There are 2 protein chains.
Amino acid sequence: MHLSRSIKQSVLTGTTIALATTGLTAVFLPKLNAQPLPLSENLVALNSDHGALLLRQSKAKADYVPLSTHFVTQINQAFCGVASVSMVLNAMAVDAPAAEAWDQNYFTQKNTLNAETEAIIAESLIRRQGLTLAELAEIFETYPVDAEVHYGSELSLAEFREKAIANLKNPDDFMVINYLRRAIGQQRGGHISPVAAYNAATDRFLVLDVSRYKYPPVWVKASELWQSLDTLDSTSGKTRGMLLVQRR
Amino acid sequence: MHLSRSIKQSVLTGTTIALATTGLTAVFLPKLNAQPLPLSENLVALNSDHGALLLRQSKAKADYVPLSTHFVTQINQAFCGVASVSMVLNAMAVDAPAAEAWDQNYFTQKNTLNAETEAIIAESLIRRQGLTLAELAEIFETYPVDAEVHYGSELSLAEFREKAIANLKNPDDFMVINYLRRAIGQQRGGHISPVAAYNAATDRFLVLDVSRYKYPPVWVKASELWQSLDTLDSTSGKTRGMLLVQRR
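Heads up: these notes are all about the structure in this document. (Residues numbered from 1 in each chain as written. Chains lettered and ligands numbered in written order. Predicted model: local features only at pLDDT ≥ 70, side-chain atom pairs only at ≥ 80, totals over all residues. Heavy atoms only, no water.)

### Re the environment of Leu-29 of chain A
Stage number 1. Examined against the element boundaries, Leu-29 of chain A turns out to sit in strand β2 (residues 25–29).
Stage number 2. Residues Leu-29 of chain A and His-70 of chain A, spaced 41 residues apart in sequence, show a C-alpha to C-alpha distance of 32 Å. (Helix = DSSP H or I, 4+ residues; strand = E, 2+ residues; numbered from the N terminus.)

If you want it as structure tokens, here you go:
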């Protein structure tokens, strides 16, 4: 276990590239840097004492275990929607296509898209601009699930809270939001992720952010999350919003 | 949302390949099949009413939220160890290399391996035979963490249970096991995954199996899990076992 102790020291210096010697050859090692971006004060990281307490106290978390069991990181900067679809379909154990790397059936961010979704929006276009709320629903509905669309502009805060809580208490349906990050104090634009729980005492929802390299899952005040849905998506010309997804 | 309703029907037929018509072109859609393999009766899936209850009742689950927040699927059939290392390092928020797909620092199954780990075992060899317990520890220790090795042959059931529970109650250290799947009633060979919780009433540990395409996370009886560690790894000539990992 002690082979590489001397190398570790050099890796941990602040230089951009550390030069290390392993046996006879000199090798370049990548610089290591602090992980995710700092959170603004209005947000509570799930991965903190306070965040974990909010989860323990939650009475509306039926979707948390199935979603976190299939939590993935979006594979590129525009695939937040595709990542969210694959998580939710796996969480519902919907019959899945083969995932060739493993010789098993499981939704991935590669096999969730196919010729049928290509007719809704080309993968090449998703890679440039992501998905609108309506496109996200259409992709879900190429599988045997219904995706009920609620635009932010059409939801009062009370309606949003009520529909979301009912969904999160029911293990058989799931909730995905399309929101504007900067409206909740994050960097920066439109984003898509599943929501996994609600804490009544603090009136906060837990967003399982699929850009795990960037932010942890966060507890967001209901009013702020609701406002982040009622923002204009310039691609669709409509507001963002939420999907409620269940088996057909 | 109704564009593709007719296509959906054909996808869901039992034929090997479904032929669908989207606008003017005929396309082939992949067959959809049931997800993971069935569990034998000695195991409890986390994603079941019983499994979720065991988690709620657990008093030793400090590692569950940080691990599940960074849960990944091994990217090929031999990378269970690499997947486990990247999960644990992210759960500990260890300074990470850049993940180039995202322009952020985060451990992935690609950037966790580097020139330094190559000197321990070549990636090409990992892809053929996976990692031994000792190699797994050495790879962890190329980062600023200590990985304490406990071979199955050197642990009594009482010692295993005691060390594991202490680890799972402490959010600052983590536990990874190298075990034989068939000893707990799964298919089939040696495997590596993090352990996230312990339920005292049933004397079961929760294994966050990184081959998520194959099995859900499972609650395993302590005695069975302990026996699965005390099995011979023909590559090392030693038994499998567990690692207790903490920041140096």
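### Regarding the pairing of strand β8 (residues 190–199) of chain A
All names here are of chain A.
Stage number 1. For β8, a buried count of nine out of ten residues is recorded, marking the element as mostly surrounded by other parts of the structure.
Stage number 2. In this sheet, β8 lies alongside strand β7 (residues 173–180) in antiparallel orientation, the contact comprising six bridges. Residue pairing across strands places Tyr-179 opposite His-191, the latter belonging to β8.
Stage number 3. Strand direction decides the pairing type here: β8 and strand β9 (residues 204–207), joined by four bridges, are antiparallel. Residue pairing across strands places Ala-197 opposite Leu-206, the latter belonging to β9. (Buried < 20%, exposed > 50% of the residue type's maximum accessible area, 1.4 Å probe, protein only. Pairing = 2+ DSSP bridges.)

### Description of the pairing of strand β10 (residues 218–221) of chain A
Regular strands place side chains that alternate from one sheet face to the opposite one.
All names here are of chain A.
Stage number 1. Where strand β3 (residues 44–45) and β10 come together, two bridges link them in antiparallel fashion. Pairing of Ala-45 across the sheet is with Val-218, part of β10.
Stage number 2. Of the strand pairs in this sheet, β9 and β10 are connected by four bridges, and their pairing is antiparallel. Bridge assignment links Leu-206 to a residue of β10, and that residue is Trp-219.

### Observations regarding the sheet that holds strand β13 (residues 241–247) of chain A
Residue and element names in this part refer to chain A.
Stage number 1. One open sheet accounts for seven strands, arranged β3-β10-β9-β8-β7-β13-β6; its pairing is antiparallel. Looking at which strands have only one partner, the edges of the open sheet turn out to be β3 and β6 (145–151).
Stage number 2. Sheet analysis places β6 next to β13, joined by seven bridges and oriented antiparallel. Paired with Asp-146 across the strands is Gln-246, a residue of β13.
Stage number 3. Across the sheet, helix α7 (residues 133–140) lies against β6, β7, β8 and β13, angled at about 170° from β6, the strand it touches most. (Contact = heavy atoms within 4.5 Å. Axes fitted to C-alpha atoms, helices over the stretch in contact; angles between N-to-C directions.)

### Regarding the sheet that holds strand β3 (residues 44–45) of chain B
Residues and elements named next belong to chain B.
Stage number 1. Ordered in space as β3-β10-β9-β8-β7-β13-β6, the seven strands form an open sheet in which the pairing is antiparallel. The sheet is open, and its two borders are formed by β3 and β6 (145–151), each paired with just one other strand.
Stage number 2. Each of β6, β7 (173–180), β8 (190–199) and β13 (241–247) touches helix α7 (residues 133–140); the most contacted strand, β6, lies at about 170° to it.

### Points about unusual backbone geometry
With the exception of glycine, the majority of residues adopt a negative phi angle, and the majority of peptide bonds are in the trans configuration.
Stage number 1. Omega for the peptide link from Gln-187 of chain A to Arg-188 of chain A comes to -5°, which places this bond in the cis form.
Stage number 2. The backbone phi angle of Asp-103 of chain A is positive, close to 65°, even though this residue is not glycine.
Stage number 3. Among the structural elements, Asp-103 of chain A can be located in the loop between β4 (98–99) and β5 (104–105).
Stage number 4. The phi angle at Asp-203 of chain B is positive, at roughly 55°, despite the residue not being glycine.
Stage number 5. Among the structural elements, Asp-203 of chain B can be located in the loop between β8 and β9 (204–207).
Stage number 6. Judged by its relative accessible area of 17%, Asp-203 of chain B falls in the buried class.

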